[in-house]
Amino acid sequence: MLDPARMDDVLRRGADVAPVVTAWRALDERRRKLQSELDTLRRDRNQANERMSKLDKKSAEFASARDELKALASRIKEGEATLGDVESDCAASLLVIPNAPQASVPAGTSDADNPILHAWGDKPSIAAPKAHWDLAAAHGLDFDAGVRIAGARFTVLRHNAARLTRALMSYMIDLHVGQGYEEVWPPAVVRRAALLGTGQLPKFEEDLFRLAIPTGPDHDRDNDLFLSPTAEVQVTNLHLDQILDASELPRKYVAYAPCFRAEAGASGRDTRGLIRQHQFDKVEIVKLTTPETSNAEHEALREDAERVLQGLELHYRVVTLCTGDMGFASAKTYDLEVWLPGQDLYREISSCSNFEDFQARRAKIRYRPAPGEKPRPLHTLNGSGVAIGRTIVAILEQHQQPDGSVVIPKALRRYLNGEERFVPVG
């Protein structure tokens, strides 16, 4: 949840956010006015009580003061109810306002305005490179079977692709554990409260798969269940409503999890291949830090994600997302974009974001700077470490050979019985 003091900074995101900011400000102004009126009524009630205490209980003045007190009590009760409703509306309005960009985030309106931070490696020189969907049958991407089983945007991974998925998962987790991250294996199902905490709800509910589980009359809506869209949700919420000691920070976690997205806004986009699926696999890295160290930890997290691609010998570039292209909860984001020669373009394969205290405020995750001091919201960060499906795409396209085989990156060979390449199957 955004710190209301940063509302002006939110407007750097562009004109689209102005209506929600204006709506919140109108509600907040009404809230403050009602609070002031209620404070005045309570002061009047206290004064009326004091006057009554000095009057003869049998006098007309006492009866008049008593009637005034009753009227004040009634107005206070009505005012408290009205204020409660406005406060609820104000809180609900605040939940749909995105995070404020850091001052270092470049201005812009779309991905065309994202500056390149740096690139790694050289573009592979491949004569007539094929897109991964043209290599699919030979290497185990079975799109037809996925449709038969579950419908569009589902894929069955077989032989080479299935083995590559398992190898990539182990490689990524081992790499990050070696960088000091604690491995976690969370459930794939999450509560509404967890999704509210990390910012997927309420704004992006149409992109989620909700489980149709029967509920009774006493069901708490916060306990609605959804398939998780990213392990960021589970891992960040490991500390939902907790207070950590500063000595425990930073906390660094790595988790594999299957991810599920309805892709409600992706109609007609990326309908071929493995790029945009309803179910996909991802290794996620998450950090919980103090505000003073979060920017440095953000840079380190990005470097940790980059090492995954470097170990796989994949050419990529890093861009800084501009104000108009940032995610809802992010204060600053770097995207790692891998080169896909078969499609002649770069594709995002990891987003590394600093959320500052935005998620921590929503999820009530705090830390105590020193013994006896008041708890403060900590900062949360996360990045894909990285998306496995898109990594398969990149390996197939960048490491493809003229004979149809695919060279296996050296870092993966120990997970694949020492094999040096995938040969076409079938």
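Scroll up to find the structure this text is about.
Fair warning: this is a prediction, and the values are worked out from it, not measured in the lab. In every chain, residue numbers begin from 1 and rise along the written sequence. Restriction of local features to residues with pLDDT of at least 70 applies here, the model being predicted, together with a cutoff of 80 or more for giving and counting side-chain atom pairs; totals for whole chains, interfaces and linings are based on all residues. Water and hydrogen atoms were dropped before computing side-chain values, which therefore reflect all heavy atoms in the structure.

## Overview of the side chain of Asp304
The test is simple: Helix and strand labels come from DSSP, where a helix needs a run of H or I of at least four residues and a strand needs a run of E of at least two; each type is numbered from the N terminus. Using a 1.4 Å probe on the protein chains alone, a residue whose accessible area is under 20% of its type maximum counts as buried, one over 50% counts as exposed, and one in between counts as partly exposed. Polar contacts, as used here, are pairs of N or O atoms within 3.5 Å; protein pairs need one atom able to donate a hydrogen and one able to accept it. Residues neighboring in sequence count only if both atoms are side-chain atoms. We call two residues in contact whenever any of their non-hydrogen atoms come within 4.5 Å of each other.
Its place among the elements puts Asp304 in helix H9 (residues 294-311). Exposure remark for Asp304: the relative accessible area of 7% places this residue in the buried category. Separated by 2.7 Å, the side chains of Asp304 and Tyr181 make a polar contact. With residues up to four places along the chain from it excluded, the contact list for Asp304 reads His176, Gln179, Tyr181, Ile285 and Lys287.

## Side note on the packing of helix H2 (residues 18-53) against helix H3 (residues 60-94)
In plain terms, the rule: For every element, the axis is a line fit to its C-alpha atoms; helices are fit only across the contacting stretch, and the angle between N-to-C directions ranges from 0 to 180 degrees. Here roughly perpendicular refers to angles of 65 to 115 degrees, roughly parallel to angles under 35, roughly antiparallel to angles over 145, and oblique to all remaining angles. By the definition used in this description, the sense in which the near helix is turned from the far one sets the handedness, with an anticlockwise turn below a right angle giving left-handed and a clockwise turn giving right-handed.
One way to put it is that H2 packs onto H3 with a least axis distance of 8 Å and a crossing angle of 160°. Between H2 and H3, the interaxial angle falls into the category roughly antiparallel. Here H2 runs over H3; the crossing is left-handed.

## Section: the pattern of salt bridges
The condition that has to hold: Between Lys or Arg on one side and Asp or Glu on the other, a salt bridge is scored when a side-chain nitrogen of the former is within 4 Å of a carboxyl oxygen of the latter.
On inspection of all chains with the given rule, the structure shows 27 salt bridges. For Asp224, the salt bridge is made with Arg192, and the minimal N-O distance between the two is 3.0 Å. Placement of the pair is Asp224 in the loop between strand S6 (209-210) and strand S7 (225-227) and Arg192 in helix H7 (residues 192-198), with a sequence separation of 32 residues. Relative accessible area serves as the criterion here: at 5%, Asp224 is assigned to the buried category. Judged by relative accessible area, Arg192 falls into the buried class, the value being 4%. One network of salt bridges, in which partners are shared, links Arg192, Glu205, Arg210 and Asp224.

From the geometry alone we can't say anything about function, so treat these as descriptive.
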